[in-house]
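Residues per chain, in single letters:
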Amino acid sequence: MNKVFLIGRMTSEPELRYTNTQTAVLRFSVALDRGKDKNGADRGADFPSVLAFGRTAENLSKFVGKGNRVAIDGHIHTGKYTKQNGDTVYTTDVIVDRVEFIDWKESGPKPDNQAPAGFETISDDDVPF
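Analysis parameters
- Residues numbered from 1 in each chain as written.
- Predicted model: local features only at pLDDT ≥ 70, side-chain atom pairs only at ≥ 80, totals over all residues.
- Heavy atoms only, no water.
- Helix = DSSP H or I, 4+ residues; strand = E, 2+ residues; numbered from the N terminus.
- Contact = heavy atoms within 4.5 Å.
- Areas by Shrake-Rupley, 256 points an atom, 1.4 Å probe, with all protein chains shown as cover.
- Salt bridge = Lys/Arg side-chain N within 4 Å of Asp/Glu carboxyl O.
- Buried < 20%, exposed > 50% of the residue type's maximum accessible area, 1.4 Å probe, protein only.
- Pairing = 2+ DSSP bridges.
- Phe/Tyr/Trp six-rings, centres within 6.5 Å; stacked < 30°, edge-to-face > 60°.

Would you mind showing me how to read the overall build of the protein here?
Helix and strand content of the protein: one helix and eight strands. Across the protein, the fraction of contacts at a sequence separation of at least 24, relative to all contacts at a separation of at least 6, is 57%. When the accessible surface of the protein is summed, it comes to about 8200 Å², and 47% of that surface belongs to carbon and sulfur atoms.

This is how it looks when you write it as structure tokens:
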């Protein structure tokens, strides 16, 4: 089973891009707090790379930005490529299957279908992985 659930804060403003077939693609990272150790010291954070596609990518770029919290339901995708200098680069990304906005941009439009608790759920069946 390949399933990932994350809740974290967007680390930067999302930059929406489109493929040559006009599929929306959004790459971003989220800050995941590791919590505190038994002595109360901060254990730091992790910053996984996340990819969203299609309408999910478009809505993420429209409604959330740096510092906003999102809940991600997705799966892990690994890959590799060779750079021009011959070095092999290995990648690990979380592919978004579903996302919930825990909070969203203060300026700009609000999601149309606001759930009572202030969440907006968006799904995308066009994920190519």
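Can you walk me through the pattern of salt bridges in this structure?
Think of it this way: side chains of opposite charge can pair up when their charged atoms draw near. Counted according to the given criterion, the structure contains six salt bridges. With its nearest N and O atoms 2.6 Å apart, the salt bridge here joins Arg34 to Asp46. Of this pair, Arg34 sits in the loop between strand E3 (24–33) and strand E4 (45–46) while Asp46 sits in strand E4, and the two are 12 residues apart along the sequence. Classification of Asp46 by relative accessible area gives partly exposed; the value is 34%. Linking Asp103 and Arg69 is a salt bridge whose minimum nitrogen-to-oxygen distance equals 3.1 Å. Note that Asp103 is positioned in the loop between strand E7 (88–101) and strand E8 (121–123) and Arg69 in strand E6 (residues 69–82), a separation of 34 residues in sequence. Accessibility expressed as a relative area gives 32% for Arg69, which makes it partly exposed.

Mind showing me how you'd approach the side chain of Asn68 here?
By the secondary structure assignment, Asn68 is in the loop between helix H1 (54–63) and E6. Not counting residues within four places of it along the chain, the set of residues in contact with Asn68 comprises Gly8, Arg9, Met10, Phe63, Asp103, Trp104 and Lys105.

Would you mind going over unusual backbone geometry with me for this structure?
Backbone phi values are negative for most residues with the exception of glycine, while trans is the configuration of most peptide bonds. Notably, Gln22 is not glycine yet its phi reads approximately 65°, a positive angle. Among the structural elements, Gln22 can be located in the loop between strand E2 (16–18) and E3. Gln22 sits in the exposed class, given a relative accessible area of 57%.

Quick question: what am I supposed to make of the pairing of E3 here?
The side chains of a regular strand alternate between both faces of the sheet. Bridging between strand E1 (residues 4–10) and E3 involves two bridges; their strand directions are antiparallel. Residue pairing for E3: Arg9 is matched across the bridge by Ala31. Connecting the antiparallel pair E2 and E3 is a turn made up of five residues, with Gln22 showing a positive phi of about 65°. Pairing geometry for E3 and strand E5 (residues 49–53), over five bridges, is antiparallel.

Honestly, the packing of aromatic side chains in this entry has me stumped. Any pointers?
Geometry of an aromatic ring pair is reported as the spacing of the ring centres plus the angle between the planes. This model, assessed by the stated rule, comprises one aromatic pair. Arranged with centres 6.0 Å apart and planes meeting at 50°, the rings of Phe63 and Phe101 form a pair that is tilted. Taken together, the residues Phe63 in helix H1 and Phe101 in strand E7 connect sequence positions 38 residues apart. As far as burial versus exposure is concerned, Phe63 and Phe101 are alike and both buried.

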